[in-house]
Structure formats: C-alpha cells, structure tokens
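Now for the letters of each chain:
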Amino acid sequence: MKAIHEIVEDYTAGEADLEATNAALAEAGAAFSFRPGQNVITDEDRKQTVVGYYPEQANGYGLLDTGTGSMEKVKVAGGRLEYPVNQVQPDGGTNMAAYVIICGKTYEVFGDTLGEARSGKEGRP
C-alpha cells in the first residue's frame with residue numbers, strides 16, 4: 001500500500017484523478033479526502049505546472065500541506081507562493097512545518113519560498 005504523501009504526489013503529477021485519489025486515501029487510512037473545487041488540480045492547471053532541478057524553477061499549481069489535512073490549492077511562481085505561510089526563525093527553521101506538493105515533488109516551505117525538494121520515496125518527514 002502506498003503512503004499517504006505518495007498518493008498526494010501521484011495526484012499532483014496527474015497520475016491519478018480526484019476519485020481514484022480519494023479511494024486510495026481512504027484505503028491508506030487518511031483522515032481526509034479531497035473535495036471538488038477546493039483541492040482539484042485540473043488538466044489546465046497541470047499544463048501550466050513545471051518543476052526543475054532547483055526549487056525556484058517550480059511554477060504552477062500544487063497543494064499546501066500544513067498538517068491540518070485540508071491541503072489547499074496554491075499557485076507557485078518562480079518557487080514562491082503568493083503569500084507566506086509560516087515564519088522563518090533566525091536559525092533558519094520555521095515556526096510551523098509546511099510543504100508544497102507540486103507536479104509529483106514535495107518542497108518544504110520557508111515563509112513564501114520553496115526549499116529543498118523532498119520526495120516521499122526519499123523519506124519525507
């Protein structure tokens with residue numbers, strides 16, 4: 001069985017539609033599911049979405065994971081969100097863990113900026 005974050009990565013990569021994703025999330029025991037209109041990433045959104053080797057190469061639409069289970073749809077431009085979602089502390093850490101899953105990749109968020117890519121296959125926290 002796939003881990004929940006792998007199911008979400010597959011969804012953002014266009015490898016599964018909303019219905020199949022919700023079925024996989026239920027099977028994996030997730031405490032949430034995606035709602036049409038709130039979490040939907042359309043084919044048009046996916047056509048506008050790309051990631052590259054570096055976080056700043058990410059552009060398009062993904063899902064914001066702050067640990068609440070709502071996974072809000074967000075727009076990324078040049079590796080940055082439209083608004084900060086947490087505060088970066090002097091030591092480089094954040095006051096709250098947040099991740100953006102976009103085009104099958106997971107990035108940690110620092111303020112409004114995507115950080116080092118983390119893949120579920122490599123052990124996302």
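Not measured: the values here are computed from a predicted model.

Undergrad: Break down the side chain of D112 for me, citing the residues and quoting the values.
TA: In this structure, D112 sits in the loop between β5 (105-110) and β6 (113-118). A relative accessible area of 17% places D112 in the buried class. Within the local environment of D112, its side chain forms a polar contact with the side chain of R80, the two groups lying 2.8 Å apart. The contact partners of D112, leaving out residues within four places of it in the chain, are G79, R80, L81, Y83 and P84.

Undergrad: Could you give an account of unusual backbone geometry, with specific residues and numbers?
TA: Non-glycine residue M71 carries a positive phi angle of around 45 degrees. One can find M71 in the loop between β1 (60-65) and β2 (72-77). Judged by relative accessible area, which is 6%, M71 ranks as buried. With a phi angle near 55 degrees, C103 is a residue other than glycine that sits in the positive phi range. Tracing the backbone shows C103 in the loop between β4 (99-102) and β5. Judged by relative accessible area, which is 30%, C103 ranks as partly exposed.

Undergrad: Could you give me a rundown of the pattern of salt bridges, with the residues and numbers involved?
TA: Considering all chains together, one arrives at four salt bridges under this definition. One salt bridge connects D10 with K2, and the closest N-O pair in it is separated by 2.1 Å. On the basis of relative accessible area, K2 is assigned to the partly exposed category, the value being 45%. R46 is the partner of D43 in a salt bridge, and the nearest nitrogen-oxygen pair spans 3.8 Å. With D43 and R46 both in helix α3 (residues 43-47) and three residues apart, this pair spans about one turn of that helix.

Conventions used here
Residues numbered from 1 in each chain as written. Predicted model: local features only at pLDDT ≥ 70, side-chain atom pairs only at ≥ 80, totals over all residues. Heavy atoms only, no water. Helix = DSSP H or I, 4+ residues; strand = E, 2+ residues; numbered from the N terminus. Buried < 20%, exposed > 50% of the residue type's maximum accessible area, 1.4 Å probe, protein only. Polar contact = N/O pair within 3.5 Å; in protein donor to acceptor, adjacent residues only side chain to side chain. Contact = heavy atoms within 4.5 Å. Salt bridge = Lys/Arg side-chain N within 4 Å of Asp/Glu carboxyl O.

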